Amino acid sequence: MKSFRDKRRDNRPPAKGGTGEVRPHEARGAPRPDARPREPRDMKPDSQPAAKSAPRILTRRDGVLPAEQLPLILEVAPNADYALLDSGASQKLEQYGPYRIVRPEGQAIWQKALPAKDWERADAIFTGDTDEEGIGRWRFPKTPLGETWPMKHDGIDYLGRFTSFRHVGVFPEQASHWDHMAGLIAAAKRPVKVLNLFGYTGLASLVAARAGAEVTHVDASKKAIGWARENQEMAGLGGKPIRWIVDDAVKFAEREERRGSRYDIILFDPPAYGRGPKGEVWQLFEDLPDLTDLCRAILTPKPLAVVLTAYSIRASFFAIHALMRDTFAGMGGKVESGELIIREKSAGRALSTSLFSRWVA
């Protein structure tokens, strides 16, 4: 589940290619209170933003647009590893392995379905508002808990972690993309190379590696990469071919294009705003078309998929859907776009977490 995404992305200094610990989410409208900002970068106080690369010359392709499917709603249901137990009154009650956790949830504008006694059984509660009170803190009503605890996703062990940015290192809604990717890798019956840009704590990379792919994982946060390496060892996948790279995602992709490196599957989950390891400034609506074009440029001759996820943006999925169809004109295949949702256990309501658009060959 992905660079530190716990502060509001809209209030985060702009990262080209980084992921901190922070993530979701505001699919539409004003940024959600628990939108995932990226983790602060390891930058010197006097560092200045590096000069941007010369902008790519983008021209609209004349090829036939890919087929389309929309809206596509990808749903994660409660399971033994994770469950959205209840939500409402701008909060959510979740079960992560052995722990019940309460966190802010700006999109839960309805009322709670479970009685107060169920919410009071929480093991950890995130307190504080990242805008008004500074970085938030976790409160442990029962027994004080350590910073990390063991978790699983579909048999893959990893570390959950209580961070000061509200998130715990896993984004359950992404499981739909991971399952889809693993299926593509298995069905290919050939070597598959996966590039995971803005890779965060590495669960997508671990899923891909377990499925048999050779993976390149890129994130601007040293802390996120360190956490991802821990997860690899904990999952018992230390022997799998994963390259962990601390770098600006856009600059890395540009170098891969020049080097002739190519990938069969590309995942990219850029922040709304961010700053790279050398001060590179990223702004989603300004820079996303270039990065999407770059992703097409570094595909193999027989690619499988490109998956874009967008959190905390004031847009409809129609915007990124149109961008993906235009970018992959002439490639055939299909562009599927919509929202990632988590199905609530208590009353069966759907909590939308993010927008996505993916091209599938």
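The notes below deal with the structure included here. What you see is a predicted model; the values in this text were computed from it and never measured.

For the structure on display, the rule yields 20 salt bridges. In this structure, Arg 349 and Glu 344 form a salt bridge, with 2.8 Å as the shortest nitrogen-oxygen distance. We classify Arg 349 as partly exposed; its relative accessible area is 22%. Here the residues in one salt-bridge network are Asp 86, Glu 344 and Arg 349, joined through shared partners.

With mixed pairing, the eight strands of this open sheet are ordered in space as S3-S18-S19-S17-S14-S11-S12-S13. Both edges of this open sheet fall to strand S3 (67–76) and strand S13 (242–246), since each of them pairs with a single strand only. Going from strand to strand, the sheet's axes swing by 15° on average, the running direction of each strand aside. Bridge count for S3 against strand S18 (residues 334–343) is eight bridges, and the pairing is parallel. Paired with Val 76 across the two strands is Ile 342, which belongs to S18.

By the element assignment, Lys 92 lies in strand S5 (residues 91–96). Its relative accessible area of 8% is what places Lys 92 among the buried residues. A distance of 3.2 Å separates a polar atom in the side chain of Lys 92 from a polar atom in the side chain of Glu 105.

This next bit is on unusual backbone geometry. The linkage connecting Leu 70 with the following residue, Pro 71, adopts the cis geometry, with an omega of -10°. With respect to the helices, strands and loops of the structure, Pro 71 is situated in strand S3. Of note, Phe 198 is a non-glycine position whose phi angle comes to about 60°, a positive value. Note on placement: Phe 198 falls in the loop between strand S11 (193–197) and helix H3 (203–210). Of the residues examined, Phe 198 reaches a relative accessible area of 0% and is grouped as buried.

Read across the open sheet, the five strands follow the order S4-S5-S6-S7-S8; overall the sheet is mixed. In this open sheet, the two edge strands, each paired with only one partner strand, are strand S4 (82–88) and strand S8 (137–139). If you compare each strand with its neighbour and ignore which way they point, the axes differ by 25° on average. With two bridges joining them, strand S6 (residues 99–104) and strand S7 (residues 124–127) adopt parallel strand pairing. Counted as the bridge partner of Val 102 is Ile 125 from S7.

Rules and cut-offs
- Residues numbered from 1 in each chain as written.
- Predicted model: local features only at pLDDT ≥ 70, side-chain atom pairs only at ≥ 80, totals over all residues.
- Heavy atoms only, no water.
- Salt bridge = Lys/Arg side-chain N within 4 Å of Asp/Glu carboxyl O.
- Buried < 20%, exposed > 50% of the residue type's maximum accessible area, 1.4 Å probe, protein only.
- Pairing = 2+ DSSP bridges.
- Helix = DSSP H or I, 4+ residues; strand = E, 2+ residues; numbered from the N terminus.
- Axes fitted to C-alpha atoms, helices over the stretch in contact; angles between N-to-C directions.
- Polar contact = N/O pair within 3.5 Å; in protein donor to acceptor, adjacent residues only side chain to side chain.

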